[in-house]
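Here are the chains, one letter per residue:
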Amino acid sequence: MMILFVNACVKENSRTKKIADKLLEKLSGEILEVKLENVFFPKTDEEFLKYRDDCIKRGDFSDDYFNFAKNFANADIIVMAAPYYDLSFPALLKQYIEHINVMGITFEYTNEGQPKSLCSAKKLYYVMTAGGTFVPDEYGYGYIKALAQNFYGIKECEKIQAVGLDIIGTDVEMVINKCIESIIL
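Presented here is an overview of the structure given in this document. (Residues numbered from 1 in each chain as written. Predicted model: local features only at pLDDT ≥ 70, side-chain atom pairs only at ≥ 80, totals over all residues. Heavy atoms only, no water.)

Moving on, we come to the overall build of the protein. In terms of helices and strands, the protein carries six helices and seven strands. Listing the helices and strands of the protein from first to last along the sequence gives β-α-β-α-α-β-α-β-β-β-α-β-α. Radius of gyration (C-alpha) of the protein: 17 Å, near the 16 Å computed for a compact globule of 185 residues. In terms of overall dimensions, the protein has a C-alpha envelope of 55 × 35 × 30 Å along the principal axes. Within the protein, buried positions represent 43% of all 185 residues. Relative to all contacts within the protein whose residues are 6 or more apart in sequence, the contacts with residues 24 or more apart total 78%. If you sum the accessible surface of the protein, you get close to 9900 Å²; carbon and sulfur atoms cover 50% of it. Positive and negative side-chain charges in the protein, numbering 21 and 27 respectively, have mean positions lying 3 Å apart. (Helix = DSSP H or I, 4+ residues; strand = E, 2+ residues; numbered from the N terminus. Rg over C-alpha atoms; globule rule 2.2 N^0.38 Å. Buried < 20%, exposed > 50% of the residue type's maximum accessible area, 1.4 Å probe, protein only. Contact = heavy atoms within 4.5 Å. Areas by Shrake-Rupley, 256 points an atom, 1.4 Å probe, with all protein chains shown as cover. Lys, Arg positive; Asp, Glu negative; His and termini not counted. Charge placed at Lys NZ, Arg CZ, Asp CG, Glu CD.)

Next up, the structure:
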């Protein structure tokens, strides 16, 4: 069982990562972590897109660039840890999504133009924390869930969240511990 851990946490004492680590302890399998703050994504300019599109057209996925998409496609379980910053998930996660969304690796189109999954994962866990309570799904989890279900064929998606952590008077450790205790596999 291969678990892909997509880590969009950048703070040393990340509350989101603390919850994700507890989830990972409960899962069994080999964990492959992609720590997004350490990834250099190529600039998505015209030159890069021409190169990538040419590789896709030829079915040549030998460039190391495609390893992110291959790992995503081959994972049995995916855990994404993404704190809710400035009304969405971190920009690094959006970059990652842009670079794993590779026709011929993570999805293909049917003759009718519908996306068809090429991914193995049966479940995606989306772990997030937020300082406030205004956390509409469409600005984070909803986007990831829609991609997972409609492009990557991952029908089972679960959001694990702790919110309101920066509201004055909140017992942060209690909220985080309640969140961790609620994780049921």
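By volume, the largest pocket amounts to about 190 Å³. Forming the walls of the largest pocket are K11, N13, S14, R15, T16, P83, Y84, Y85, T129, A130, G131 and D166. Of the residues assigned to the lining of the largest pocket, the class counts are four nonpolar, five polar and three charged. (1 Å grid on protein atoms, 1.4 Å probe; cavity = no way out; pocket = protein on both sides within 12 Å on 5 of 7 lines; lining within 4 Å. Points joined across faces, edges and corners; volume = space filled by probe spheres on them. Nonpolar A, V, L, I, M, F, W, Y, C, P; charged D, E, K, R; others polar.)

Now for the packing of helix α4 (residues 91–100) against helix α5 (residues 141–150). It is at 12 Å that the axes of α4 and α5 come closest, and there the two elements cross at 15°. Here α4 lies roughly parallel to α5, going by the angle between them. Note on packing geometry: the crossing formed by α4 with α5 is left-handed. On the side of α4, the interface is formed by L93, K94 and I97, while α5 contributes Y143, I144 and L147. (Axes fitted to C-alpha atoms, helices over the stretch in contact; angles between N-to-C directions. Parallel < 35°, antiparallel > 145°, perpendicular 65-115°, else oblique. Left-handed = near helix turned anticlockwise from the far one by under 90°.)

Attention now goes to the pairing of strand β7 (residues 156–162). Relative to β7, strand β6 (residues 123–129) is paired through seven bridges, and the arrangement is parallel. If you follow M128 over to β7, its bridge partner there is Q161. What joins β6 to β7 is α5, and the crossover it makes is right-handed. (Pairing = 2+ DSSP bridges. Right-handed = clockwise from strand over helix to strand, strands pointing away.)

Another aspect to go through is the nonpolar core. Counting 43 residues, the largest nonpolar core has F72, I78, L93, Y96 and Y126 as the members making the most contacts within it. Listing elements by their share of this core, those giving two or more residues are β1 (2–7), α2 (46–58), α3 (67–74), β3 (77–81), α4, β6 and α5. Counting 21 residues, the second largest nonpolar core, distinct from the first, contains L24, L27, A81 and I176. (Core = buried A, V, L, I, M, F, W, Y, C linked by side-chain atoms within 4.5 Å.)

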